[in-house]
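Analysis of the macromolecular model
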Amino acid sequence: MTSHSRYERDLSLPDIEPEWVSGLRKKVGHLRVAKEIFYYRQVDSTNLLARELVQQDTINGTVIISGTQTSGRGRLGREWTSPPGGIWVSLVLYPPHQQTDLSFITISASVAVARTVEKVVGLKAEIKWPNDIISEGSKVCGILCELVSGPSGWAIIVGIGMNLNVESEDLPLTETYPAGSLKVLLGRRISEERFMESFFHDFNECYSDFLKGSQGKTKLLDQWRRYANMLGKKIIVKFGEKQVEGIAKDVDEKGYLVVEGLDGTTTRVMAGDVLRIGIVED
Ligand code: BTN
């Protein structure tokens, strides 16, 4: 059993670690992205706990996994529903200070999740920019990367919410995109240990590519394009109070979505929501 910080006291039930977490620790503990794994039965948000651990100067590659979250955080200030059966996880990374690049770390995590869904679950995975993983038309995973400052400099928290073995009645109805569960799509339970082992290996590889600089980033972008479900399609993307309609052309070297508007002008969007993906009519 591993416990940490105030969360141990806040819980009514002890953090009895499931067996798959101890198995996982043995299989991925040598990777730079998973040096130390803490498990909780329930927390408010693994990203919030990761922030606290950054303030306590936790090591690079700290991982927090929780069985449920009471205040899971989504992108753009949204709430993230985190019922039992899902895997709610946050990783703490300290990239070199010139490489605190949220977009590319998000791209690395998205590619790693998409690969894992295809390899371990055997379902086709797509990435909906910037970081939703879609399978069979529903969102099975969301990613929230945050930059925080701690005693050792900038840290990036990579928060990943995977609807792995969530039951259909526990899926939220309020998503902008319908939520799906990999177990429901596949029709059977998926091994958490196998899924997470594959994810950590893939993410370790993607993150190491990212750290190599421009060559590694080019490789990552190529992989991202392989999964991207909107390139060449007509989209409406909303960012802040603005909205642009056009063709999704690419993702640039900064991770921004490049949209060619109906009037031919190009817009690069750093963060936003793709509201609709359609086909281009002649
Ligand atoms: C999204 O809005 O699509 C991103 C959702 C990210 C949810 C995960 S669950 C683990 C981590 N802890 C949180 O509070 N949020 C992220």
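Just so it is clear, the model here is predicted, and its values are computed rather than measured. (Residues numbered from 1 in each chain as written. Predicted model: local features only at pLDDT ≥ 70, side-chain atom pairs only at ≥ 80, totals over all residues. Heavy atoms only, no water.)

**Quick notes on the overall build of the protein**
Secondary structure summary: the protein contains seven helices and 12 strands in total. The globule rule puts the C-alpha radius of gyration for 282 residues at 19 Å, and the 18 Å found for the protein is close to it. With respect to the principal axes defined by its C-alpha atoms, the protein has extents near 60 × 45 × 35 Å. The 282 residues of the protein split such that 55% are buried. (Helix = DSSP H or I, 4+ residues; strand = E, 2+ residues; numbered from the N terminus. Rg over C-alpha atoms; globule rule 2.2 N^0.38 Å. Buried < 20%, exposed > 50% of the residue type's maximum accessible area, 1.4 Å probe, protein only.)

**Details of the site of the ligand**
Around the ligand sit 19 residues in total, of which Ser45, Thr46, Arg73, Arg75 and Lys139 are the nearest. Between threonine 46 and the ligand, the recorded distance is 2.9 Å, taken from a side-chain N or O atom to a nitrogen atom. Interatomic distance of 2.7 Å between a side-chain N/O atom of lysine 139 and an oxygen atom of the ligand. For the ligand, whose unbound accessible area comes to 420 Å², protein coverage reaches 98%. At the level of elements, α3 (46–55), β3 (87–93), β6 (138–150) and β7 (153–162) are the ones that each hand at least two residues to the shell around the ligand. (Near = heavy atom within 4 Å. Polar contact = N/O pair within 3.5 Å; in protein donor to acceptor, adjacent residues only side chain to side chain. Areas by Shrake-Rupley, 256 points an atom, 1.4 Å probe, with all protein chains shown as cover.)

**Remarks on the domain arrangement of the protein**
Considered domain by domain, the protein is made up of domain 1 (19–227) and domain 2 (234–278). For domain 1 and domain 2, the distance between their C-alpha centroids amounts to 24 Å. Residue-level contacts link 14 residues of domain 1 with 16 residues of domain 2. With both sides pooled, the region where domain 1 packs onto domain 2 buries about 1,100 Å², and carbon together with sulfur makes up 55% of that total. Across the domain 1-domain 2 interface, the total number found is three salt bridges. Between aspartate 250 and arginine 225 there is a salt bridge whose closest N-O contact spans 2.7 Å. Counting the contacts that link domain 1 with domain 2 gives six residue pairs in polar contact (both at pLDDT 80 or more). Contributions of two or more residues to the side of domain 1 that touches domain 2 are made by α4 (102–121) and α7 (214–227). Sort the elements by how many residues they give to the side of domain 1 that touches domain 2 and α7 lands first, with four residues. Residue composition of the side of domain 1 that touches domain 2, grouped by class: seven nonpolar, one polar and six charged. (Domains from an automatic or database assignment. Contact = heavy atoms within 4.5 Å. Buried area = accessible area lost by both parts, 1.4 Å probe. Salt bridge = Lys/Arg side-chain N within 4 Å of Asp/Glu carboxyl O. Nonpolar A, V, L, I, M, F, W, Y, C, P; charged D, E, K, R; others polar.)

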